[in-house]
Amino acid sequence: MSYNTNEIQRIEEKWQKFWDEKKIFKSEMDAAKEKYYVLEMFPYPSGKIHMGHVRNYTIADVIARFRMMQGYNVLHPMGYDAFGQPAENAAIKRGVDPAEWTYGCIDEMTHELKRMGFSYDWDRGLSTCDAEYYKWNQWIFLKMYEKGLAYKKESPVNWCPSCDTTLANEEVINGACWRCKSEVKQKDLSQWYLKITDYSERLLEDLDTLKHWPERVVTMQKNWIGKSFGVEIFFKVKDSNEVIKVFTTRPDTIFGATYVVLAPEHPLVDKFTTSANKAAVEAFKKQVAALSKSERVSGTDASSESRHDAPLAGASGVFTGGYAINPVNNEIIPIWLADYVLMEYGTGAIMAVPTHDQRDFEFANKHQLPMRIVIQDPARPDLKVEQMDAAYVEEGKLVNSAQFNGINNVEAMRAIGEWMEKTNIGKTTIHWRLRDWLISRQRYWGTPIPMIYCDCCGVVPVPEKDLPVALPEKIKITGQGGSPLAYCQDFVNVKCPKCGKPARRETDTMATFFDSSWYYLRYCSAQDTSQVFDKKGAKYWMAVDQYIGGIEHAILHLLYSRFFTKFFKDIGLVSVDEPFVRLLTQGMVLKDGEVMSKSRGNTVDPDTIIVKYGADPLRVCILFAAPPEDQLEWSDGAVDGSWKFLNRLDRLVEDKFKGVKVNYTIKDLSGAAEELERERHATIKKVTSDLETYKFNTGVSAMMILINAIEKFAPKDEIEQAVFDQTLRSFVLLLAPYAPHLCEELWQKMGGTEASIIKAKWPQYDESALKRSVVEVVVQINGKLRSKIDVPIEFTSDQVRDLAMQNEIVHKWVEGKPIRKFIYVPEKLINIVI
């Protein structure tokens, strides 16, 4: 056959239809087989797959197919993370219903995924916008509410007054709404939270069990959870009964605290702001309210640990007119507000020690606030504040610190903390960076939160028998006026489940991260309509053996999924502590040195490549181009190279495969046949190892070396033809996870009796076949290559010398001449000096 465009399309369509009709990838529980659960982070259905999708899903597919051929019972499902704002934006822009747009995109994306030949069990497919899925979102929420993990409270959010809705931090650009460019405000709203903080300790401790996660991801989660040991210090407000609580991990610097800084939202601000400063404070609050949280702390790396949130150099602030009392020396110090201090972090208040913290140093210099040195720089013991051009942040002995003078500051931390606790001016405590998870969204296209508000009964959960609380259909979406659900009277108005009186539904919907926090469990029994998931199915399939996705999900999605799994274990639904055993974070796909993006105009449409070359060359190319964790620079020429590689294999099978089967061992072979058999076993070992360790690119490279050897080999008799044919069989099996369509076709032509090549056994190598009995060694005489001879591996240097002298060419050069040196480098070189 000719591996041209038309033939490629025919082969790929043939086998995709075959896999689908015969349900080759359907997975069922089988206690007699070891399971292997492979999963990619499911996509948002935008309608078109991009090269990032192709890379992610091809990596997973190779792993899944490899494990199938090794005999594992593999679960490899696919679904869609289908709720979210893009569908609402499409509804506004195109005047279509979000559901209609989303399901259209799902159909298109499913078609494209099937064209890539991915080994999904489509019978387990799900879409989070299906009522049958989000019904269980609501069930989970109610279970969390029962356990005290779901609660409602007021909190500040980014608010666009023009669009009349909340905005995520990422949707605020330079203080303005990304859509209408209006100035964004901070607004207090009553919203639903999940108490993930109840799981802080377990989430942190169990990170140490994730031995097969990238260290970078583990570190990011540790820092996000942010367990800090420190002291909560009590600063009394002057002329008041109020107390400002400040958490610090640096109690050794308390004697150098010369002012206190609060978040503008701190509940005590109004109580100590003087009338003379009120106007300035209110103006400052208004100024800060126009900033998003990300802009306020833009000088902070979200994954880094620090004593308190880092201000931007020269951060803005305002004096309240109030004063606090430093409890360790009774010094009266001013109380300031600053934009970089947030209520969400710590206690919403920090003590400032400008001589020993660079951020405080810059703030104090800008606002001309007092400073005091309390840690002595051993290199400059006479240093004075006025001589400092930066904070001193290294170790040293304490000065100006009363009874702690002369003690190393690190050693003094514990002593000062214990002293504070003993004297009731502070207490040693643990601080967590992690905050409870805000899940409320003022959107339509999401899971309705199943709560009802009754004037008589208060907040009432929707009874389980009434789930799902379904989204109303064909609702008008304008992008203005807050949640569209609030204007749908048929949805809002409901009878109270307790008293039967008129009541109102909650009109917020859930953040889409809720949907993706447990979908991997739903796959275990996706068609079960009677329960959230089948416990037996979850016990068999969980945990996910290999999870694959982008590094951008290192914190939120992965942390929330870990939280959900631990909650499910607590209520007896799962037996595992962690959802994902192994995590692989694939690199981005670049073009011309930049990440592919529509805005940059540097995208490559996978569909165009498939039409021209087929799916298999694209798969091989994307795997060969770079290790999976690295960035991949796209090259059109690389696809052409992969196509030529597959074409060479096709021609070899078509033209030279005879189907000869003769029992032989490597001991029956010699010369080129022996070398080819050895290369076959070496390649099986290499490709198997590379698939185990996800070095897909070097696996392809090994197969390219083998195909060169196959092409050079010319069988002279039946046994050599059998060696040739067996090498081709092994080659096709090794390549099957990479290029499944072509390999299915070739395997069938080669007489494969299995329903699919995926049912064939993965080839095995014989370690003894890798050991050569004879090796070709070059012979140098006076530094010049003169001959090559075959040397048995076990020969000693004296035996090699005798063998060399029997060689006609060597004998001619050394005859009658004294040999001054004879050096044998085993298996490589004979060096003779005459």
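Our structure's up above, just so we're on the same page.
Residues numbered from 1 in each chain as written. Predicted model: local features only at pLDDT ≥ 70, side-chain atom pairs only at ≥ 80, totals over all residues. Heavy atoms only, no water.

S.K.: I'd love a proper account of the packing of helix α20 (residues 636–656) against helix α23 (residues 718–735), names of residues and values included.
M.R.: When two helices pack together, their arrangement is given by the angle between the helix axes and by the axis-to-axis distance. Remark: α20 packs on α23, axes separated minimally by 11 Å, with the N-to-C direction vectors making an angle of 145°. You can see that α20 and α23 cross each other, and the crossing is left-handed. Here F645, L646, L649, L652, V653 and K656 of α20 lie close against α23, whose contacting residues are Q721, F724, D725, L728, F731, V732 and L735. Broken down by class, the residue content of the contact of α20 with α23 amounts to 10 nonpolar, 1 polar and 2 charged. (Axes fitted to C-alpha atoms, helices over the stretch in contact; angles between N-to-C directions. Helix = DSSP H or I, 4+ residues; strand = E, 2+ residues; numbered from the N terminus. Left-handed = near helix turned anticlockwise from the far one by under 90°. Contact = heavy atoms within 4.5 Å. Nonpolar A, V, L, I, M, F, W, Y, C, P; charged D, E, K, R; others polar.)

S.K.: Pulling in residues and values, what's your account of the state of the cysteines?
M.R.: For the coordinates displayed, the defined rule picks out 0 disulfides. Cysteine C499 is unpaired, with the sulfur of C454 as its nearest cysteine sulfur at 3.6 Å. (Disulfide = S-S within 2.5 Å.)

S.K.: Mind laying out the sheet that holds strand β28 (residues 632–633), listing which residues take part and the relevant values?
M.R.: Taken together, the 3 strands give an open sheet; going across it, the order is β27-β26-β28, and neighbouring strands pair in mixed fashion. In this open sheet, the two strands that pair with only one neighbour each are β27 (594–595) and β28. Bridge analysis of strand β26 (residues 589–591) against β27 gives 2 bridges, and the strand direction is antiparallel. In the strand pairing of β27, K591 is matched with E594. (Pairing = 2+ DSSP bridges.)

S.K.: Break down the pattern of salt bridges for me, with residues and values.
M.R.: Counted under the stated rule, the structure contains 46 salt bridges. Residue D377 pairs with R380 through a salt bridge whose shortest N-O separation is 3.4 Å. The salt bridge involving E578 is made with K566; its shortest N-O contact spans 2.9 Å. Within this pair, whereas E578 is found in the loop between α17 (556–570) and β25 (580–585), its partner K566 is found in helix α17, the two being separated by 12 residues in sequence. The exposure classification of E578 matches that of K566, with both residues buried. Here the residues in one salt-bridge network are E7, R10, K14 and E745, joined through shared partners. (Salt bridge = Lys/Arg side-chain N within 4 Å of Asp/Glu carboxyl O. Buried < 20%, exposed > 50% of the residue type's maximum accessible area, 1.4 Å probe, protein only.)

S.K.: Which residues make up the packing of aromatic side chains, and what values go with them?
M.R.: Going through the model one piece at a time under the given rule, you end up with 42 aromatic pairs. Their ring planes at 85° and their centres at 5.4 Å tell us that F533 and F568 sit as a pair that is edge-to-face. Of this pair, F533 sits in the loop between α15 (519–522) and α16 (535–541) while F568 sits in helix α17; the two residues are 35 residues apart in sequence, bridging distant segments of the chain. We note that F533, like F568, is buried. Relative to F724, the ring of F713 has its centre 6.5 Å away and its plane inclined at 15°; by these criteria the two rings are stacked. Here F724 lies in helix α23 and F713 lies in the loop between α22 (696–712) and α23, a separation of 11 residues in the sequence. (Phe/Tyr/Trp six-rings, centres within 6.5 Å; stacked < 30°, edge-to-face > 60°.)

S.K.: Talk me through unusual backbone geometry; I want residue IDs and the actual numbers.
M.R.: L467 connects to P468 through a cis peptide bond whose omega is 0°. With respect to the helices and strands, P468 occurs in the loop between β20 (458–461) and α13 (489–492). A cis amide bond links M542 to the next residue, A543, at an omega of 5°. Despite not being glycine, N424 has its phi angle at roughly 60°, a positive value. N424 sits in the exposed class, given a relative accessible area of 62%. Even without glycine at this site, E827 takes up a positive phi of about 70°. One can find E827 in the loop between β31 (821–825) and β32 (829–833). By relative accessible area, E827 is classed as partly exposed at 44%.

S.K.: Outline helix α9 (residues 275–289), supporting the account with residue identities and numerical values.
M.R.: Structurally, the α-helix is built with 3.6 residues per turn, so residues lying three or four positions apart point the same way. In this model, α9 (15 residues) spans 21 Å end to end at C-alpha, consistent with the 21 Å of a helix rising 1.5 Å per residue. Here α9 has its buried residues at N277, V281, F284, V288 and A289. Down the axis of α9, the sector holding all buried residues measures 130°, keeping them to one side. Those residues of α9 that are exposed and angled more than 90 degrees off the buried face are K278, A279 and K286. (Expected span 1.5 Å × (residues − 1). Arc of directions from axis to C-beta.)

S.K.: Hey, could you go over the environment of T796 for me, with residue numbers and the actual values?
M.R.: Summarising the element assignment, T796 is placed in the loop between β30 (784–792) and α25 (797–805). According to the relative accessible area criterion, T796 is partly exposed, its value standing at 42%. With 132 residues separating them along the chain, T796 and Y664 place their C-alpha atoms 30 Å apart.

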